[in-house]
Amino acid sequence: MIEPYFAAICQAERVAVRSGGKIKENIKRNLDRYCNLIEYCCTGNLSLVPEYAIAGPVKLITFGEFSITGLYSPADPDTRRFTNKEIIKNLGILIPGEETAVLAGQAKKYGVYIAAANTEFDPEWPDFHFNTAFIINPQGKIILKYRKTLVNNPVEIACTAHDVMDRYVNPITKKLDPFPVVDTKIGRLACCICADLGSPEIPRIYAMKGSDVVMHLTSGNTYSAGGPRPIGATETLHRARAIDNSIYWINSNWGPEVGAMYPRARIAGYSKIYDYMGNLLAMAEGTDEMVIRARLDIETRRKATSLFYRNSLSQIRSEIIAPYYSKPIYPANTFLKGGPIDATLDKRQIGLFNEALDNLKKRQDFYSEEEV
C-alpha cells in the first residue's frame, strides 16, 4: 500500500548563470537556494494549513527546466552567442555529478524524491549535449533519466534519442528506452520537458507503461500580452494530458530570473498540479517564487483506473491506429549522420524542418466530396 502523500513544486527564483561571468558562483547560489526551498518543503509549519497536516508529509519535490545552470536561447542576450561546444562547456553538467550531488544530499537528509531538469554533458557522447530530466531517490541515487525526445521547439539544438536512435542506450535502463518509467515506493514516476507538452504521444506512452505521476518540468512562458495570466490553450493542454491518460500531472515551472538583462523576457510561473480526472489540485497564482503542494493518492488512482469506463487507455484499438505512425516524418539519426547542429535555425536545421513538413504532406490521404 502507498499511503497518500504530498507533492511540492518549488517555483524557484534563479540567477542568470552567466551574469558577470561568474558561472560557478551563480550555480552555487542557485543550488543553495534550492536547498533552502527543499528544507522548507520538508520542515515548514504545515499545521497552519490543517488539510496539509492531516494528510501526511511531502515525499516528492520538483523544480523547473534548466534548474541548475540556466537556459541558453537566442532570445536571451546573455546566451545567444552560444554554440554547441560552448553550451557543453558552460552549461552542461554531469548527471550524476557534483551539482546533482547537492540535491542528492537533500534527498537523503529529508527522505524525499527530487525531480529536476538541466542541460547535460555525457562523456559517452562528447560532441553532443542533452536536455535531461532526472529523479533522485531518498538514498541519493539517480533512478531515472529522460532526455527530451520529441522536440517541437525550433530554437533547440540539444541532441535527442531520436537524433542518434540507432546507437542510443538509456544510461539507467541500459536499453533504447527513450520514455522511462520507474517504479518507486511512492508510485510509478515519469518525466517530460517543456515543449513535450505539445506531444500527446509522450504521456500516452507513459500511461501505457503504467505511470501514476508524470512531471512536466518546464521553463514555459505562461505570460500573455494582455497581462500576467495563464494562456488558455496551455491550461487546456495540461488538463487534457491528465484526463486523457488518467494520471497525476505535475507542471513544474520556474520562477523569476535574478539579474537577467530583460527580466520580463521569459516570464514563467503558474505551476500547477492536476489529478487523474483533470481536477486542478494546486496552482501558483503568479510568477513570483513560491512553493505549492497537493495531495496525491496513488492507490485510489489505481483503483479508479482499473475500471474500464474510467480508463480511456482500455479503449485504444492499437492495430487500426499503428499504420498512421509507421512511416517516418521527422528524419531519425540526423546527428549520427551529420554531427550536431551547431547553431539554432541554421540551414541544416531549417532543411530538416522542411523535410518533415514534406513527409507530412506525403502522408495525407483524403478524397473529394465530388468522388462519392
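Our subject is the structure that appears above.
Before going into details, it helps to say that this report is about the structure given with it. No experiment lies behind these values; they were computed from the predicted model shown. (Residues numbered from 1 in each chain as written. Predicted model: local features only at pLDDT ≥ 70, side-chain atom pairs only at ≥ 80, totals over all residues. Heavy atoms only, no water.)

Observations regarding the environment of Leu336
What counts is decided by this rule: A helix here means a DSSP run of H or I that spans at least four residues, while a strand means a run of E at least two residues long, and both kinds are numbered starting from the N terminus. We call two residues in contact whenever any of their non-hydrogen atoms come within 4.5 Å of each other.
With respect to the helices and strands, the residue Leu336 is situated in helix H9 (residues 334-338). Separated by 170 residues in the primary sequence, Leu336 and Asp166 have C-alpha atoms spaced 8.3 Å apart. Among residues more than four places away in sequence, those in contact with Leu336 are Trp125, Asp163, Val164, Asp166 and Arg167.

Regarding the packing of aromatic side chains
Where we set the bar: Classification of ring pairs uses Phe, Tyr and Trp, with its six-membered ring standing for Trp, and accepts pairs whose centres are within 6.5 Å; under 30 degrees between planes counts as stacked, over 60 as edge-to-face, and the remaining range as tilted. Burial status follows relative accessibility: with a 1.4 Å probe on protein chains alone, a residue under 20% of its type maximum counts as buried, one over 50% as exposed, and anything between as partly exposed.
Applying the stated rule across the entire model yields 7 aromatic pairs. Plain terms: the ring middles of Tyr248 and Tyr276 are 5.5 Å apart, the flat faces sit at 85 degrees to each other, and that makes the pair edge-to-face. Within this pair, whereas Tyr248 is found in strand S10 (residues 248-252), its partner Tyr276 is found in the loop between strand S12 (272-274) and strand S13 (280-283), the two being separated by 28 residues in sequence. Assessed through its relative accessible area of 4%, Tyr248 is described here as buried. What makes Tyr276 buried here is its relative accessible area of 10%. An aromatic cluster of three or more residues is present, and its members are Trp125, Phe128 and Phe335.

Describing the side chain of Thr218
One can find Thr218 in the loop between strand S9 (213-217) and helix H6 (232-245). Thr218 has contacts with Gly64, Glu65, Cys194, Asn251, Ser252, Asn253 and Trp254, leaving out every residue within four places of it along the chain.

A word on the environment of Thr149
The following threshold applies: What qualifies as a polar contact is a pair of N or O atoms within 3.5 Å, subject to a donor-acceptor requirement within protein and to the restriction that residues adjacent in sequence count only when both atoms come from side chains.
For Thr149, the position within the fold is in the loop between strand S6 (142-147) and strand S7 (182-184). Residue Thr149 is classed as buried on the basis of its relative accessible area of 7%. Taking C-alpha positions, Thr149 is 4.9 Å from Thr160, a pair spaced 11 residues apart along the chain. A polar side-chain atom of Thr149 sits 2.7 Å from the main-chain carbonyl oxygen of Arg147.

Quick notes on the sheet that holds strand S1 (residues 5-11)
For the record, the criterion: Whether two strands pair comes down to DSSP finding at least two bridges between them. For helices, the axis comes from a line fit to the C-alpha atoms of the stretch in contact; other axes are also lines fit to C-alpha atoms, and the angle between any two N-to-C directions lies between 0 and 180 degrees.
Judged by pairing direction, the sheet is mixed, and its 6 strands sit side by side in the order S6-S5-S4-S3-S1-S14 without closing on themselves. In this open sheet, the two edge strands, each paired with only one partner strand, are S6 and strand S14 (290-296). Going across the sheet, the axis of each strand differs from the next one's by a mean of 20 degrees, ignoring polarity. In this sheet, strand S5 (residues 130-136) lies alongside strand S4 (residues 113-120) in antiparallel orientation, the contact comprising 7 bridges.

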